[in-house]
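# Chains, contacts and geometry: an overview
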Amino acid sequence: MLSLLIRLFRGNRDFATLVICVVLSAIALSLPPAAKTVVSSIMSVPILRPVKRIAVAADGLTRIRSENARLRSLVMKLVEERANLVSLGHENDRLRELTSFIVGFAEEERFDLLPATVIGMPGGRIIEGIEIDAGAASGIEPGMPVIVPDGLVGKISRTLETRSLVEPLTSASSAVAVTIERSRVRGIIRPRYGGSAELLDWQMDYVPARSDICAGDRVITSGLGGVYPAGLIVGDVTAVDEGPLTMTIHVSIAVSLSTIEQVFVLRGLVAPSPERDAMMQMLLRELLAEDAPSDLSDRGTP
Amino acid sequence: MKIRAFAVLCAVALVLDTALAPEIEILGARPDFLVLALVYGGLGLGVSVPVIAGFLMGLMTDSELPEYLGLNALALSVTAFAAASLLDRLVKSHILVQCSVIFGAILLRDTIFYTVYYRGSIGIFGHLLLRYSLIGAGYTVAIGLIIHFIARLANWRAITGAPRR
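This report concerns the structure included in the present document. (Residues numbered from 1 in each chain as written. Chains lettered and ligands numbered in written order. Predicted model: local features only at pLDDT ≥ 70, side-chain atom pairs only at ≥ 80, totals over all residues. Heavy atoms only, no water.)

## Quick look at the overall build of chain B
Scanning chain B for helices and strands turns up 7 helices and 0 strands. Reading chain B from its N terminus to its C terminus gives the helix and strand order α-α-α-α-α-α-α. Pairs at least 24 apart in sequence give 66% of the contacts found in chain B among residues at least 6 apart. Accessible surface, chain B: about 7800 Å² in total, of which carbon and sulfur atoms supply 68%. (Helix = DSSP H or I, 4+ residues; strand = E, 2+ residues; numbered from the N terminus. Contact = heavy atoms within 4.5 Å. Areas by Shrake-Rupley, 256 points an atom, 1.4 Å probe, with all protein chains shown as cover.)

Okay, structure coming up:
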């Protein structure tokens, strides 16, 4: 039998190789598990480990590439979100300012304030009108004062159904009855234009000579004439020109008209209402979470 | 093809089979770079060398799965023997012959492997053969075709199987 096999193998070397490989494979297959593990570890250390390293490196490279792409898109998204947050932050600051302004009114001076957004400013170098997004449908009528937290803006000159036109303090026809807050000296304030129709400043007329007015005095509405309620900030005295009979007072207005975005229309006085105040308190607590509620109660709300 | 070049080819095939094949699988089927290398060995080195190479490469692959140590060695050595013997008897430079041998070799390797691995469970064996082996064989043949055309352009007779003048 053995001699037959040897003769067969001698004549067919390829077949002999196959038989040897098959026998060795069968031996390997029939090894006990512990021996198989030892043989596998012996083989994998010098030969397969470098191959595996290459495989792991290639796999890592692929993973890093896909992770890089994912992170890039994430960065883009975060940059976009950050831009949105910055914009929302600015809006939040503005709204906080507005809400604190509403609360700032004393109870007896509480007006029915209608918030509105500026949607246009007709005019060239001089702002002749300010268009807002609230009109007759919201109860707005010509003559109603328009204010911002910094002070007086002007009054409603014309109303449409959903829009209104505000006549600002820069308008040539604007005239506001004012008083000096410190000395209570009264007068009328108007815009003053130069030779080429550029706005120079505001001038307070009809002030008797030697009145107690000096630069830096605050100018507020006097309430005379019935258009504007008393106490709205108009601006500050910048210079005083003494004349023989009257004084000319130069005033700088408090509001930067070209940058306002939101305004309030004063629709009249509001009767004190506990329900409304409670709702306002709740809303403000949400908006001004970090501002203690005691701050609000200090401002005259029940 | 010289034995040294074949050894390098086998090493490259081993790397590709471990590193690249899992990344380029299609419908769960991977190209079989080991069988491809053995077939190219059979084109220029006779039968014995590819059989020994198949045994050694199989043993290395088996070290990944110690429980079945020797199974891939058995499958690859038998496959190498069959492929090399066939190529010895056929016009090995013909592209169709090469493609058929590659296709058949992969099916043979998988048949041996699944038969032992699943201990003759016909259902699973048939499912795996139809689901993965056929696609894998087609995939490997496609790669073999690409390699063949590149080898033709570069005039690598060891790969194309063209006789020396």
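## Remarks on the pattern of salt bridges
Residues and elements named next belong to chain A. On inspection of all chains with the given rule, the structure shows 7 salt bridges over all chains. Between arginine 192 and aspartate 201 there is a salt bridge whose closest N-O contact spans 2.9 Å. Aspartate 201 gets classed as buried once you look at its relative accessible area, which sits at 13%. (Salt bridge = Lys/Arg side-chain N within 4 Å of Asp/Glu carboxyl O. Buried < 20%, exposed > 50% of the residue type's maximum accessible area, 1.4 Å probe, protein only.)

## Description of the sheet that holds strand β10 (residues 233-242) of chain A
Residue and element names in this part refer to chain A. Read around the closed barrel, 6 strands run β6-β7-β8-β11-β10-β9, paired in antiparallel fashion. Each strand of the sheet is rotated relative to its neighbour by a mean of 45 degrees, with strand direction disregarded. In this structure, strand β7 (residues 186-193) lies alongside strand β8 (residues 199-208), joined through 6 bridges in antiparallel fashion. Following the sheet pairing, isoleucine 189 is matched in β8 by methionine 204. (Pairing = 2+ DSSP bridges. Axes fitted to C-alpha atoms, helices over the stretch in contact; angles between N-to-C directions.)

## Structural notes on the packing of helix α1 (residues 3-20) of chain B against helix α3 (residues 48-62) of chain B
All names here are of chain B. The contact between α1 and α3 brings their axes to 11 Å, and the two run at 30 degrees. The orientation of α1 with respect to α3, classified from their angle, is roughly parallel. Between α1 and α3 the crossing geometry is right-handed. Packed against α1, whose contacting residues are Ile3, Phe6, Cys10 and Leu14, the element α3 presents Val49, Pro50, Ala53, Met57, Met60 and Thr61 at the interface. (Parallel < 35°, antiparallel > 145°, perpendicular 65-115°, else oblique. Left-handed = near helix turned anticlockwise from the far one by under 90°.)

## Re α1(B)
Since the α-helix advances by 3.6 residues per turn, residues separated by three or four positions end up pointing in the same direction. Its 18 residues give α1(B) an end-to-end C-alpha distance of 24 Å, which sits within 8% of 26 Å, the value for a rise of 1.5 Å per residue. When α1(B) is considered as a whole, its buried residues turn out to be Phe6(B), Cys10(B), Ala13(B), Leu14(B) and Ala19(B). (Expected span 1.5 Å × (residues − 1).)

## Quick look at the pairing of strand β11 (residues 246-253) of chain A
Residue and element names in this part refer to chain A. Pairing of β8 with β11, which is carried by 5 bridges, proceeds in the antiparallel orientation. Along β11, the bridge assignment pairs glutamine 203 with histidine 250. Bridge analysis of β10 against β11 gives 7 bridges, and the strand direction is antiparallel. Bridge pairing in β11 links aspartate 241 to threonine 248. Counting the residues between successive antiparallel strands, the hairpin from β10 to β11 contains 3 residues.

## Focus: the packing of aromatic side chains
All names here are of chain B. Inspection of the entire model under this criterion finds 6 aromatic pairs over all chains. Aromatic pair tyrosine 114 and tyrosine 118: ring centres 6.1 Å apart, planes at 40 degrees, arrangement tilted. Judged by relative accessible area, which is 14%, tyrosine 114 ranks as buried. Counting every residue linked through ring pairs, the aromatic cluster contains Tyr68, Phe113, Tyr114, Tyr117 and Tyr118. (Phe/Tyr/Trp six-rings, centres within 6.5 Å; stacked < 30°, edge-to-face > 60°.)

## Some details on the nonpolar core
Formed by 46 residues in total, the largest nonpolar core has its most connected members in Leu38(B), Val39(B), Val51(B) and Met57(B). At the level of secondary structure, the elements contributing two or more residues to this core comprise α2 (13-30) and α3 (33-103) of chain A together with α1, α2 (33-44), α3, α4 (71-89), α5 (95-117) and α6 (122-154) of chain B. Looking at this core, the element that brings in the most residues is α2(B), giving 9 residues. In contact with Val51(B), not counting residues within four places along its chain, are Thr17(A), Leu18(A), Cys21(A), Ser77(B), Ala80(B) and Phe81(B). (Core = buried A, V, L, I, M, F, W, Y, C linked by side-chain atoms within 4.5 Å.)

## Some points on the side chain of Asn72(B)
Residue and element names in this part refer to chain B. Examined against the element boundaries, asparagine 72 turns out to sit in helix α4. Taking the relative accessible area as the measure of exposure, asparagine 72 reaches 7% and is therefore buried. In this structure the side chain of asparagine 72 is engaged in a polar contact, spanning 2.7 Å, whose partner is the side chain of arginine 109. Setting aside anything within four residues of it in sequence, one finds asparagine 72 in contact with Gly58, Thr61, Asp62, Arg109 and Phe113. (Polar contact = N/O pair within 3.5 Å; in protein donor to acceptor, adjacent residues only side chain to side chain.)

## Structural notes on the interface of chain B and chain A
At the junction of the two partners, chain B supplies 26 residues and chain A supplies 27 residues. Counting the surface lost from both chain B and chain A, the interface buries some 2200 Å², and carbon and sulfur atoms represent 77% of this. Our enumeration of links across chain B and chain A arrives at 0 salt bridges. At the surface where chain B touches chain A, the tally comes to 5 residue pairs in polar contact (both at pLDDT 80 or more). Elements with a minimum of two residues in the side of chain B that touches chain A: α1, α3 and α4 of chain B. Here the residues of the side of chain B that touches chain A are counted per class, giving 17 nonpolar, 5 polar and 4 charged. (Buried area = accessible area lost by both parts, 1.4 Å probe. Nonpolar A, V, L, I, M, F, W, Y, C, P; charged D, E, K, R; others polar.)

## Side note on the environment of Thr179(A)
Residues and elements named next belong to chain A. Of note, threonine 179 is situated in strand β6 (residues 176-180). Judged by its relative accessible area of 3%, threonine 179 is buried. Between the C-alpha atom of threonine 179 and that of arginine 218, which follows or precedes it by 39 residues, the distance is 8.6 Å. Sequence-distant contacts of threonine 179, that is, excluding residues within four places in its chain, are made with Arg184, Val185, Arg186, Arg218, Val219, Ile220, Thr221 and Ser222. A polar contact is formed between the side chain of threonine 179 and the backbone oxygen of valine 185, at a distance of 3.2 Å.

## As for a nonpolar patch on the surface
Residues and elements named next belong to chain A. On the surface, a nonpolar cluster with roughly 340 Å² of combined accessible area is contributed by Ile20, Val23, Leu24 and Ile27. In this fold, isoleucine 27 is placed in helix α2. Exposure remark for isoleucine 27: the relative accessible area of 45% places this residue in the partly exposed category. (Patch = residues over 30% accessible without salt bridge, like charges linked within 9 Å, V, L, I, M, F, W, Y side chains within 5 Å.)

## Thoughts on α3(B)
An ideal rise of 1.5 Å per residue puts 21 Å on 15 residues; α3(B) measures up with 21 Å between its terminal C-alpha atoms. With 11 of its 15 residues buried, α3(B) lies for the most part within the structure.

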